[in-house]
Amino acid sequence: RPYRMNFDPICMRVNGIYPDDVENEPAFPAFWKEVAERLEGSIVFAHNARFDMGVLASVLDVYDLPDIHFDEHSIEIIRDEDGSLEDIRTPEQNNAAADMIVRWIHKLDTVAGSLGYDFNHHQALDDARACEMIVRKAVEKTEAVTIKEMMARLKLPLKKFAVKRTHVPGSTGLTAPVLWRSKAR
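Structure report, in brief.

Thresholds applied
- Residues numbered from 1 in each chain as written.
- Predicted model: local features only at pLDDT ≥ 70, side-chain atom pairs only at ≥ 80, totals over all residues.
- Heavy atoms only, no water.
- Core = buried A, V, L, I, M, F, W, Y, C linked by side-chain atoms within 4.5 Å.
- Buried < 20%, exposed > 50% of the residue type's maximum accessible area, 1.4 Å probe, protein only.
- Helix = DSSP H or I, 4+ residues; strand = E, 2+ residues; numbered from the N terminus.
- Salt bridge = Lys/Arg side-chain N within 4 Å of Asp/Glu carboxyl O.

On to the nonpolar core. Among the nonpolar cores identified, the biggest contains 18 residues, and F45, I75, L108, A112, I134, V135 and M150 are the most heavily contacted of them. Among the secondary structure elements, those contributing two or more residues to this core are α5 (108-114), α6 (124-142) and α7 (147-153). By residue number, the principal contributor to this core is α6, which donates 7 residues.

The following block contains the structure:
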């Protein structure tokens, strides 16, 4: 359950999560220990890392939870310099649809689809599995032994996750303005 029950109508339509789906669920601190154990010291890939890591940092800040330390990378950057996915597709995937140039690509379903992976886009677990498949394909195609080696071969950076503390512990509100409040489907 979010800190505040503020839901963007567009996001609700996209991900299918509504206030009544989460209003009786535990808040993030109930899951914090498990999340921290999974992320601490790891490399985390996300399709839209700026958004996902921003949400995680905000949650840690507002609940005054301890920092965690891991490297992150946005999956949308794992592609050739010319914008194609040629380097991480298998020869049998090089058909007319898969040959498209994706210089402007920023959609997880397009990246995964060009690699022959079908999934339910905008469903959190499916999106995570699609990211994993893309990373595994990149590791395989670069013939790397580790993810760090794959990142080095592709000349892609890893960013250190960081929390910018702006919330005053013990205060009742978030520092960000409330933009939407909706309880209706």
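Before going further, it helps to spend a moment on the pattern of salt bridges. Applying the stated criterion across every chain, the model contains 5 salt bridges. Notably, a salt bridge pairs R136 with E132, separated by 2.8 Å at the nearest N-O pair. Residue R136 and its partner E132 are both found in helix α6; the two are separated by 4 residues, about one turn of the helix. Between R153 and E149 there is a salt bridge, and its shortest N-O distance comes to 2.4 Å. With a gap of 4 residues between them, R153 and E149 both fall in helix α7, about one helical turn apart. Overall, R153 belongs to the partly exposed group, its relative accessible area being 43%. The class for E149 is partly exposed, based on a relative accessible area of 23%.

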